[in-house]
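Single-letter residue listing:
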Amino acid sequence: MKKVLYFTTTMVLAIVLFFDMNIACAPSDSNSHKYPSSYKSNCIRIMSYNILSDSIGFDGLSVNTRESLLKGTVKATSPHILCLQEVSGNWYKVLKKLGSNFEFTAPIRNRLCMCMTPILYNTQSLTLIKSGIESYTCSFDSRIRCISWAYFSQKATDKRFVVLNTHLSIFDKNQCMPLLQATQLLELVNTLKDKYSCPVFIAGDFNTKQRSEGSLDSATYEYLTLILTDTRLSAKNILSGKEKAACSPINDYIFFTGNATVESYTLYSVPVLKALSDHFPIFADIILS
């Protein structure tokens, strides 16, 4: 029964995606009018997705009811790097069965001090060289407010790069916790960039908007983009589904610094995924220079 449900979900995702994806906010000279279900052999696809924990306080549904949707999404999009947020203990059990090609970049911790922002990677395409986890010094919960990072080599090209995954606090006008976290994040980005001399990509739920909906909502975004580049703004092609346009205000981003070309940015806003999370996954197809 589970295999039938999984196969059905995957097929539904593929069919919906084929008919529902469209160009949104794309450059006027864009010559691509198809969702990039595949990518160039030298591309790296980095995905970020807040999958909404099932823990009390996150208002998430049972993981069991959403497991097939997540597996179908990963199979349909085939990311090389999977940066997830709000990963509870129950989600970890699901992710361990995601497939033989995917592994965590760091060991799973116990429930009291586990990292809820893990990175998974495709072992057939990438080689993990080094990884780590750093908690924010300014935080009420080090499980969810932390930074996972990993240093990779792309097997096809032997080019190297670093990926960070994080989830910042919500901005409160009476305190600057997310800005303090952003400062620590940028310090780590600069340290890793200098140490490994390669491009660095930073994915996650940043709880900030792009120059919209008031100064408080955009403050963290404006601060981060003094140093980092938003893949959505630098992509050759920008795509999305009809459920939500790629230019809509969101909290999820993939930033980068260093030499790289963003072939495409996609907001995977397929209606069926509204049953999985209050976020849609995003991903960027990148060629390392």
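You'll find the structure just up there.
First things first, this report covers the structure right here in the doc. (Residues numbered from 1 in each chain as written. Predicted model: local features only at pLDDT ≥ 70, side-chain atom pairs only at ≥ 80, totals over all residues. Heavy atoms only, no water.)

1. Notes on the side chain of T231
(1) Moving on: Inspection of the secondary structure assignment puts T231 in helix 6 (residues 231-234).
(2) Moving on: If sequence neighbours within four positions are ignored, T231 has contacts with I254, F256, V262, Y265 and A284. (Helix = DSSP H or I, 4+ residues; strand = E, 2+ residues; numbered from the N terminus. Contact = heavy atoms within 4.5 Å.)

2. Concerning the side chain of T73
(1) Moving on: Here T73 shows up in helix 2 (residues 67-77).
(2) Moving on: Within the local environment of T73, its side chain forms a polar contact with the backbone oxygen of L69, the two atoms lying 2.8 Å apart. (Polar contact = N/O pair within 3.5 Å; in protein donor to acceptor, adjacent residues only side chain to side chain.)

3. Let's talk about the packing of aromatic side chains
(1) Moving on: Counted under the stated rule, the structure contains 13 aromatic pairs.
(2) Moving on: Both rings, one in Y221 and one in Y253, keep their centres 5.1 Å apart while their planes meet at 50°; by these two values the pair is tilted. Here the residue Y221 occupies a position in helix 5 (residues 215-224), and Y253 occupies one in strand 12 (residues 252-257), the gap between them amounting to 32 residues.
(3) Moving on: Its relative accessible area of 0% is what places Y221 among the buried residues.
(4) Moving on: Here a set of aromatic residues connected by ring pairs shows up, and it is made of Y121, F152, F161, F201 and F256. (Phe/Tyr/Trp six-rings, centres within 6.5 Å; stacked < 30°, edge-to-face > 60°. Buried < 20%, exposed > 50% of the residue type's maximum accessible area, 1.4 Å probe, protein only.)

4. Description of the nonpolar core
(1) Moving on: I81, F152, F161, V163 and F201 are the most contacted members of the largest nonpolar core, which has 57 residues in total.
(2) Moving on: When residues in this core are grouped by element, the largest group, 5 residues, is from strand 14 (residues 282-288).
(3) Moving on: The residues contacting I81, other than those within four sequence positions of it, are I44, R45, I46, M47, I119, L120, Y121, L126, F152, F161 and V163.
(4) Moving on: Ranked by size, the runner-up nonpolar core spans 23 residues in total, among them A182, V189, Y221 and Y253. (Core = buried A, V, L, I, M, F, W, Y, C linked by side-chain atoms within 4.5 Å.)

5. Description of the pairing of strand 2 (residues 43-50)
(1) Moving on: Burial runs high along strand 2: 8 of the 8 residues are buried.
(2) Moving on: Judged from the 5 bridges that link them, strand 2 and strand 3 (residues 81-85) form a sheet pairing that is parallel. When the sheet's bridge partners are listed, N50 is paired in strand 3 with Q85. (Pairing = 2+ DSSP bridges.)

6. Topic: helix 4 (residues 177-196)
(1) Moving on: In this model, helix 4 (20 residues) spans 29 Å end to end at C-alpha, consistent with the 28 Å of a helix rising 1.5 Å per residue.
(2) Moving on: Within the span of helix 4, buried status applies to M177, P178, Q181, A182, Q184, L185, L186, L188, V189, L192 and Y196.
(3) Moving on: The positive-phi residue at the C-terminal boundary of helix 4 is S197, with phi of around 50°. (Expected span 1.5 Å × (residues − 1).)

7. A word on the pattern of salt bridges
(1) Moving on: Within this structure, the stated rule accounts for 5 salt bridges.
(2) Moving on: Among the ionic pairs, R45 bridges to D285, the shortest N-O distance being 2.7 Å. Placement of the pair is R45 in strand 2 and D285 in strand 14, with a sequence separation of 240 residues.
(3) Moving on: With relative accessibility at 0%, the residue R45 sits in the buried group. (Salt bridge = Lys/Arg side-chain N within 4 Å of Asp/Glu carboxyl O.)

Note that all results are geometric; they support no functional claim without further evidence.
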